[in-house]
Amino acid sequence: MARRIDYSARYTHPAEKVYSALTNRDYWEARMVELRKFSDNHVESFEVGDDGIDLVFHHIIPRDTLPDIAQTVMKKDMVITRKEHYSAFGDEVTGTYSASIPAGPGSLGGTMALFGTDTGSTLRTSSEAKVFIPFVGGKLEQLMLVNLVDLFRTEAQVTADWLAEQ
């Protein structure tokens with residue numbers, strides 16, 4: 001059975017400024033610099049076009065830093081390929097993301113929505129984790145989602161800092 005979680009990053013800047021950051025390669029590199037404090041990360045591809053923003057990046061997590069339960073499944077460093085798509089800017093920007101691990105026993109993905117609020121804007125991410133391993137699948141799903149929220153918090157802080165400097 002899949003597990004779900006929602007996370008909302010709230011910004012004091014309007015949605016247009018947040019979206020502008022998402023279209024900037026330097027912004028994504030700033031995110032990678034911060035995430036490298038935890039593991040190796042890099043942007044694989046980044047495209048901005050009339051239909052929105054598409055990017056692919058990699059998170060590489062050394063096997064020996066994984067929780068014991070995850071090490072029973074992962075026999076090598078965990079390479080997570082994350083793909084994101086954001087629609088063109090409008091009243092509400094929508095998006096999708098997926099994260100995959102080669103030979104991984106499950107899936108992780110979700111949707112995103114960026115919209116204006118009275119005090120700035122919100123980027124809401126709804127995620128779903130599925131692990132297809134009897135007995136430990138639910139524990140791994142919960143572990144993935146808890147760590148995902150930590151990742152989203154870090155990314156939200158990088159975004160807030162980036163916007164404050166612009």
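This text follows the structure it describes.
Reading the values: rules and limits
Residues numbered from 1 in each chain as written. Predicted model: local features only at pLDDT ≥ 70, side-chain atom pairs only at ≥ 80, totals over all residues. Heavy atoms only, no water. Salt bridge = Lys/Arg side-chain N within 4 Å of Asp/Glu carboxyl O. Helix = DSSP H or I, 4+ residues; strand = E, 2+ residues; numbered from the N terminus. Buried < 20%, exposed > 50% of the residue type's maximum accessible area, 1.4 Å probe, protein only. Axes fitted to C-alpha atoms, helices over the stretch in contact; angles between N-to-C directions. Parallel < 35°, antiparallel > 145°, perpendicular 65-115°, else oblique. Left-handed = near helix turned anticlockwise from the far one by under 90°. Contact = heavy atoms within 4.5 Å. Nonpolar A, V, L, I, M, F, W, Y, C, P; charged D, E, K, R; others polar.

What to know about the pattern of salt bridges
- Counting across every chain of the model gives nine salt bridges.
- One salt bridge in this structure joins Arg 4 and Glu 128, with 2.6 Å as the shortest N-O distance. Pair noted here: Arg 4 is in strand β1 (residues 3–11) and Glu 128 is in strand β7 (residues 120–131), with a separation of 124 residues, a long-range link.
- With relative accessibility at 61%, the residue Arg 4 sits in the exposed group.
- Residue Glu 128 is classed as partly exposed on the basis of its relative accessible area of 24%.
- Two residues, Arg 82 and Glu 155, come together in a salt bridge whose shortest N-O distance is 2.8 Å. Of this pair, Arg 82 sits in strand β4 (residues 78–86) while Glu 155 sits in helix α4 (residues 137–165), placing them 73 residues apart in sequence.
- Here Glu 155 falls in the buried class, since its relative accessible area comes to 5%.
- Residues participating in the shared-partner salt-bridge network are Arg 31, Arg 82, Glu 84 and Glu 155.

A look at the packing of helix α2 (residues 25–35) against α4
- Where α2 contacts α4, the two axes come as close as 10 Å, and the packing angle between them is 130°. One finds that α2 runs oblique with respect to α4. Between α2 and α4 the crossing geometry is right-handed. Contacts from Asp 26, Tyr 27, Ala 30, Arg 31, Glu 34 and Leu 35 of α2 reach α4 at Leu 151, Thr 154, Glu 155, Val 158, Thr 159 and Trp 162.
- The residue makeup of the contact of α2 with α4, split by class, is six nonpolar, two polar and four charged.

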